[in-house]
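# Summary of the model geometry
Here's the letter readout for the chains.
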Amino acid sequence: MGTLLRPGPAAAAASPIPVASSSSANHAVAVGVGARSLRYRGVSVGALRSPSPQVLATRWRPRRDTVVRSDVVAGGAAAAAGDSTQALSDLQVASRFRGVCFYLVTAVAAIFLFVAMVAVHPLVLLFDQYRRRAQHYIAKIWATLTISMFYKLEVEGMENLPPNTSPAVYVANHQSFLDIYTLLTLGRCFKFISKTSIFMFPIIGWAMYLLGVIPLRRMDSRSQLDCLKRCVDLVGKGASVFFFPEGTRSRDGKLGVFKRGAFSVATKTGAPVIPITLIGTGKLMPSGMEGILNSGSVKVIIHRPIQGNNAETLCSEARNVIADTLLLHGYGVH
Ligand SMILES: CCCCCCCCCCCCCCCC(=O)OC[C@@H](O)COP(=O)(O)O
């Protein structure tokens, strides 16, 4: 993998924890996905916007089972204009229908499983306050049940996954909400770091509280420091933590810059970093298109643990191994 073209070492940004800028991110949605759609239809305009057209050409080879953002927009506009022949195609309707079914299944499963979570919580607090294995097991059931009906999941490198008794810092690329479901199926008791707004979701937000998910106000430097402190504390007590070092879902499908926070937790605690590459979730449910679910499959690649005492170096190593794997699978990296 080391022989692949790489854009350079991971550029660690100034703030230690990933912070998203929503306005620029939204712009990226419009530009990036629009470019994909043109490529998808065989027009080469997308190449003008990408430094790596071969990569995009590979990645966005025509697929009849994938709806991209501009398809939905175009379909909606046509419908509004009263042109029934250009209304949403069967394909788009199928992706939307699949999306509705997905949320129905996951909501019903969550209602029942949340009751189980509440029931075991006193015991969890008494006997397993930091790892909360029972709660994570229930979350694993929820995720497995949900995704098993909608996409095929392949996991490579299970042997690299440390046991729940070994604290570690897990990091992965982030393309979609489906990343969370996919990662929960691994059955490891890592604490996600989550933006605070997700805690507002009924049931899911409450379940996150029971799981011990760590809240982060992304634009608040004090919250960032508190979050890192909590992570160091948890790892010291035998639990694991999970970061998306890009801090936000990729809008154009390419791997973004990694923040250093996760890696400073690893160097402060001596815990290993476990890099994970997620492939395909962004095609199934792209960022900004949470209402649809395309058909397809997802691959998870768990890389070998890396260790070190320099956060910058760990950050570059982890990003490089994920970037190489994404390039190998036809994705781009920034
Ligand atoms: C009741 C059944 C069990 C329910 C278990 C629910 C467990 C949910 C764990 C949720 C962990 C959420 C982690 C989110 C991490 C995070 O915050 O990443 C940022 C993004 O994603 C969205 O950012 P953006 O792309 O900028 O909108």
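Residues numbered from 1 in each chain as written. Predicted model: local features only at pLDDT ≥ 70, side-chain atom pairs only at ≥ 80, totals over all residues. Heavy atoms only, no water.

## What about the state of the cysteines?
Spelled out, the test is: In plain terms, two cysteine sulfur atoms within 2.5 Å form what is called a disulfide here.
What the rule picks out here adds up to zero disulfides. The closest cysteine sulfur to the non-disulfide-bonded cysteine 227 is located on cysteine 231, 4.3 Å from its own sulfur.

## Brief notes about the packing of aromatic side chains
Between two aromatic rings, the relevant description is the distance of the centres plus the angle of the planes. Definition in use: In this scheme Phe, Tyr and Trp rings, the latter by its six-membered ring, pair at centre separations within 6.5 Å, and the angle between planes marks the pair as stacked below 30 degrees, edge-to-face above 60, and tilted otherwise. Starting at the N terminus, helices and strands are each numbered in turn, a helix being any DSSP run of H or I of at least four residues and a strand any DSSP run of E of at least two. Under the scheme applied here, a residue whose accessible area is under 20% of the maximum for its type counts as buried, over 50% as exposed, and between as partly exposed, the area being computed with a 1.4 Å probe on protein chains only.
Considering all chains together, one arrives at 13 aromatic pairs under this definition. Ring geometry for phenylalanine 102 and tyrosine 181: centres 5.2 Å apart, planes at 65 degrees, overall edge-to-face. Placement of the pair is phenylalanine 102 in helix α5 (residues 90-127) and tyrosine 181 in helix α7 (residues 178-184), with a sequence separation of 79 residues. The same class applies to phenylalanine 102 as to tyrosine 181, namely buried. Ring geometry for phenylalanine 190 against phenylalanine 192: centres 5.5 Å apart, planes inclined by 80 degrees, an arrangement best described as edge-to-face. By the ring-pair criterion, three or more aromatic residues cluster together here, those being Phe102, Tyr103, Trp142, Phe150 and Tyr181.

## A word on the UniProt feature "transmembrane region" (unreviewed entry) in the chain
In plain terms, the rule: UniProt positions are given in the numbering used here, feature names are shortened, and annotations may be inferred rather than shown by experiment.
Mapped onto the present numbering, the UniProt feature "transmembrane region" (unreviewed entry) falls at residues 102-125 and 198-216. Across residues 102-125, helical content stands at 100% and strand content at 0%; the span's end C-alpha atoms are separated by 32 Å. The span residues 198-216 is 42% helix and 16% strand, and its two end C-alpha atoms sit 10 Å from each other.

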